[in-house]
Amino acid sequence: MKKELLAPAGDLEAGYAALYYGADAVYLGLKQFSARASAQNFDEAELNEFVGYAHFLKKKVFVTINTLLQQGEIADLIKNLDICRRANVDALIVQDLGVARVVKKYYPEMELHASTQMAIHNKEGALALKKLGFSRVVLARELTLPEIKEIANAVDVELEVFVHGALCYSYSGICQFSSMMSGRSANRGKCQYPCRAEFMRDGRIEHCFSMKDLALEEDVLKLPVYSLKIEGRKKSALYVAAVVDYYRNILDGNGAIKEKAQDIKQIFSRPWCKFHLGGKDKDVVDKKFVGHRGLAIGKIEEIKNNGIVVTINHKIAKHDGIQIDVEGMEKPYGFSLQKFKVGLRQRLEAQAGEKVEIVLPQKPEGLKKGAGVYLASSSEVKGKYSYQKPKPREFLQRVAVDVEVWVQKDKIKAISCGKETEIKASFEKALDVGKTNEAIKKAFAKTGDTEFELRNLLINNEEKCFVPVSLLNDLRRSLYGQIVPEQKIVLTDEIEPRNYSLKAKWAVKTDDVGCLGLLDKENIDEFIILIDPDFDLDNIRKLPKDKVRIALPVVCRNAKDLDALIGKLLNMGYKKWEIANYWGLSVLPVGNLDVSFDNLIYMFNTEAMQMAKEIGASRVTLAVEDTLSNLKNLAMEAPLPVEMVVYQDVPLFTSAVCIRQNSCRDCDRKDLWMDLQKDGVGYKVLSKNCETKVFSALPFAAAEQVKEIRADFYRADFCHKKYGPEQVRDIIKSLMNFKNPDACMSGNILRRNEMF
């Protein structure tokens, strides 16, 4: 199978570098709705020219509209989709079901790629998205090679896999840490990267969640997928050039060239790992340091008064950047290399194998013999990856326009695309009207720096007047200056709001039926029971069947583990189910059941809700991380019943990375809780069956705000953490009186939209 090498471009220069060094396709973001909102990204003119150049080279361009859109942003979505259509982009990478629905309905010529933010981690999820109209699925980074092969063998859809770059601790798309704790949502492109922070654990300060970088290198040749994706829309053109060049050589049969790998590490690199490709690996977190480390060139052999001695394994030169691991420092100690000597002589360069004495600008506390020394930047490498790019506007894709020109004795007038302009003057009869009309054609054919090209020209000069070329040019400039590329798409289908309940109902969700023992079952309208492969069916029989809804977990790496349990529950007559990820659409006979969507199938706009309704959802759950103003609007305009979570221990991270210290061989995989702290804020961590979940020590509560949200169901969750029956009874009593329990957090419910 020929593999596509897909490169990132955070700006135009990175895009040109990617194409020059052998990328088959480039993915990039516009100024809005990009999961890398802090990247420079592309405006319309840049996108137009870049796509034109890429297509000239027979390469492809994909645009990321991969954030969640609030209700008030749909109009801006249409503007951005029109920009993509005019630029002839090859595909859109999306997360939001609402975006997918708009594209399918109004831009059917555009391919849809499912972002890794949709957290597709099994063949059932990939199959579900294929049925929803996605031509490509970007798989979760956490998958092993056998899992990727299983999906590839089972589903006839293009697959895309990340092969190099930064890793997230949590499954992408279900991380709510940044959003709930700081108001900056990763799902909105504004992640604050709390995974890179230091936490207090068992009396030690460490980076519990700061991932190493992914680097599959020659293992990319084993992947049975169509597209190999490099992460890095916030990286420089130099970085993009070096990484693309490295993998292009691998794909072309030249192998993993050591010198090129070393170049990448000097430009930007955390320590490299292969994540879980070869099986679950616990050595994927860089606990001691954060950020760019560089190329390891040796270890400190001796510490002198003003410097260190190290035998280097790679060339260094004056002005190179050097970093050293220093115990107690969050980041390596870095400086520009100014003075060093080999033996007794000062040098401007030193070669691999030489013992070098490096003068430090200052000696940091904690510097120790044996500490790692790194080449973090190199003047030589900075000048190594030059690239060609086209002249400005050389590959501008122009919009064809039709123009009418009317010439009369007292004025000339031009009309195009609904715009009209005229110049009043006195015009004499032409000696040769043919030459005048030819001058009109030449004038309006000169589209110059505009994005238009003349397609058809109608001239009405019945009075055979002569018009000076200068006035024709003025008329043309005036007309073309008024034309705005036509925005053809207007949303036409009215989404009818549901008839909401006058009296809201209450649902309680739990993974432990025992905690419900003291609840008055008559006051609760629905019990949502979260199952896993070890769930005991005897527990569920204690609840009234007509009030029970069975909830599938968000992550299920092997859906077969639940097949038998799901079959038994269906045979027992349970007709109400809840799914939290798209894989649930494939394992349940959705058309024959009452299936609701949990809050991690995000509903931020009514287009997403309408899509859910068309898929077969009976109701949807509003997003816990959303803001009050958007929640109120959605609840009023929703086309199907909505549920609002008013109490929950929100999983901030859901991760395939094990936080335990022990080896996998010695692990019992049972529940293990631990405490973390950061900046005076407490966190609870649950490690269970090779999965890590991180929670705030305080639960989310919004009962005092829900009166403003016309939900059909209010829901309280008691999952993951252990709750006693008395505790659950008292919390429910408080919530049903629209009071928040003591010691809770509000998440984004009280934050301003502009923060989100």
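Look up: the structure comes first, before these words.
Residues numbered from 1 in each chain as written. Predicted model: local features only at pLDDT ≥ 70, side-chain atom pairs only at ≥ 80, totals over all residues. Heavy atoms only, no water.

Caption draft 1: Quick look at the overall build of the protein. Looking only at helices and strands, the protein has 18 helices and 40 strands in total. Along the three orthogonal principal directions, the C-alpha set of the protein runs to about 100 × 85 × 45 Å. Of all 756 residues assigned to the protein, the portion counted as buried reaches 58%. Contacts in the protein between residues at least 24 apart in sequence constitute 71% of all its contacts with a sequence separation of at least 6. Once the 112 positive and 104 negative side-chain charges of the protein are each reduced to a mean point, those two points are 3 Å apart. (Helix = DSSP H or I, 4+ residues; strand = E, 2+ residues; numbered from the N terminus. Buried < 20%, exposed > 50% of the residue type's maximum accessible area, 1.4 Å probe, protein only. Contact = heavy atoms within 4.5 Å. Lys, Arg positive; Asp, Glu negative; His and termini not counted. Charge placed at Lys NZ, Arg CZ, Asp CG, Glu CD.)

Caption draft 2: Quick look at helix H5 (residues 123–131). Among the residues making up H5, those that are buried are Glu124, Gly125, Ala126, Ala128 and Leu129. With its phi angle positive at about 105°, Gly133 sits one or two positions after the end of H5.

Caption draft 3: The arrangement of the sheet that holds strand E24 (residues 399–407) in detail. The four strands are arranged E26-E25-E24-E27 in an open sheet whose pairing can be described as mixed. On the outer flanks of this sheet lie strand E26 (419–424) and strand E27 (452–460), each paired with one strand and no other. Within the sheet, the average angular offset between the axes of one strand and its neighbour, ignoring direction, is 20°. By the bridge criterion, eight bridges tie E24 to E27 in an arrangement that is parallel. Bridge pairing in E27 links Glu404 to Leu458. Strands in contact with helix H12 (residues 469–482) are E24, strand E25 (411–416), E26 and E27; relative to E26, the strand with the most contacts, it is inclined by about 155°. (Pairing = 2+ DSSP bridges. Axes fitted to C-alpha atoms, helices over the stretch in contact; angles between N-to-C directions.)

Caption draft 4: Inspection of the pairing of strand E30 (residues 548–551) at higher detail. Neither face of E30 is exposed, since Val548 and Ile550 on one face and Arg549 and Ala551 on the opposite face are all buried. Sheet topology note: the strand E29 (residues 526–530)/E30 ladder contains four bridges and is parallel. Residue pairing across strands places Phe527 opposite Val548, the latter belonging to E30. Direction of pairing for E30 relative to strand E31 (residues 576–579): parallel, over a ladder of two bridges. Looking at the pairing, Ala551 lines up with Glu578 of E31. Assessed by its sense of winding, the connection that carries the chain from E30 through helix H14 (residues 560–571) to E31 is right-handed. (Right-handed = clockwise from strand over helix to strand, strands pointing away.)

Caption draft 5: The arrangement of the pairing of strand E17 (residues 321–324) in detail. Side-chain alternation along E17 places Gly321 and Gln323 on one buried face and Ile322 and Ile324 on a second face that is also buried. With four bridges connecting them, E17 and strand E18 (residues 333–336) associate as antiparallel partners. The residue of E18 that forms the bridge with Ile324 is Tyr333. Bridge analysis of E17 against strand E23 (residues 372–377) gives four bridges, and the strand direction is antiparallel. In the strand pairing of E23, Ile322 is matched with Leu375.

Caption draft 6: The environment of Ala7, seen in detail. As for its placement among the helices and strands, Ala7 is situated in strand E1 (residues 4–9). The spatial distance from the C-alpha of Ala7 to the C-alpha of Glu231 is 7.3 Å, given a sequence separation of 224 residues. Apart from residues no more than four positions distant in its own chain, Ala7 is found in contact with Ala18, Ala23, Ala25, Val26, Tyr27 and Val244.

Caption draft 7: Just the pattern of salt bridges, in detail. Considering all chains together, one arrives at 60 salt bridges under this definition. Taking the shortest distance from any N to any O, the salt bridge between Asp82 and Arg85 comes out at 2.7 Å. With a gap of three residues between them, Asp82 and Arg85 both fall in helix H3 (residues 74–87), about one helical turn apart. Via salt bridges that share partners, Lys509, Glu526, Arg549, Lys576, Glu578, Asp594, Asp598, Arg619, Glu643, Arg715 and Asp717 belong to a single interconnected network. (Salt bridge = Lys/Arg side-chain N within 4 Å of Asp/Glu carboxyl O.)

Caption draft 8: Local environment of helix H17 (residues 628–637). Three or more residues of H17 are buried, namely Leu628, Asn630, Leu631, Leu634 and Ala635. In an axial view of H17, the angular spread of the buried residues amounts to 160°, which keeps them on one side of the axis. Those residues of H17 that are buried lie in contact with helix H16 (606–615) and strand E34 (642–648). (Arc of directions from axis to C-beta.)

Caption draft 9: Just the packing of aromatic side chains, in detail. Under the definition given, this model contains 28 aromatic pairs. Geometrically, the ring pair formed by Tyr53 and Phe395 is tilted, given 5.2 Å between the ring centres and 55° between the ring planes. With Tyr53 in helix H2 (residues 44–56) and Phe395 in the loop between helix H10 (379–382) and E24, this residue pair connects regions lying 342 residues apart in the sequence. Neither Tyr53 nor Phe395 differs from the other in exposure class; each is buried. A cation over an aromatic ring shows up here: Lys105 above the ring of Tyr106, its NZ or CZ 5.9 Å from the ring centre. (Phe/Tyr/Trp six-rings, centres within 6.5 Å; stacked < 30°, edge-to-face > 60°. Lys NZ or Arg CZ within 6 Å of the ring centre and 35° of its normal.)

Caption draft 10: Inspection of the sheet that holds strand E14 (residues 302–304) at higher detail. A sheet is described by the order of its strands in space; here five strands give the open sequence E14-E15-E22-E19-E20, paired in antiparallel fashion. Among the strands making up the open sheet, the edge pair consists of E14 and strand E20 (345–346). Pairing of strand E15 (residues 307–311) with strand E22 (residues 355–359), which is carried by five bridges, proceeds in the antiparallel orientation. Residue pairing across strands places Val309 opposite Glu357, the latter belonging to E22.

Caption draft 11: Focus on the environment of Asn737. Topologically, Asn737 is positioned in the segment after helix H18 (725–736). Given a relative accessible area of 49%, Asn737 falls into the partly exposed group. Spatially, the C-alpha atoms of Asn737 and Ala703 are 8.2 Å apart, while their sequence positions differ by 34 residues.

Caption draft 12: Structural view of the nonpolar core. The biggest cluster of nonpolar side chains holds 200 residues, and the ones touching the most others in it are Leu223, Phe597 and Met644. The leading source of residues in this core is helix H8 (residues 237–251), at twelve residues. Those residues in contact with Phe597 that sit more than four places away from it in its chain are Ile579, Leu585, Met603, Ala612, Ile615, Ala617, Arg619, Val620 and Thr621. Listed in part, the 23 residues of the second largest apolar core include Ile300, Ile316, Ile324 and Phe335. (Core = buried A, V, L, I, M, F, W, Y, C linked by side-chain atoms within 4.5 Å.)

Caption draft 13: Focus on the packing of H3 against helix H4 (residues 97–106). Running from N to C, H3 and H4 point in directions that differ by 50°, and their axes come no closer than 11 Å. The orientation of H3 relative to H4 falls into the category oblique. In this structure, H3 meets H4 at a crossing whose hand is right-handed. Taking contact as the criterion, the partners of Leu77, Ile78 and Leu81 in H3 are, on H4, Val99, Val102 and Val103. For the contact of H3 with H4, the residue count by class is six nonpolar, no polar and no charged. (Parallel < 35°, antiparallel > 145°, perpendicular 65-115°, else oblique. Left-handed = near helix turned anticlockwise from the far one by under 90°. Nonpolar A, V, L, I, M, F, W, Y, C, P; charged D, E, K, R; others polar.)

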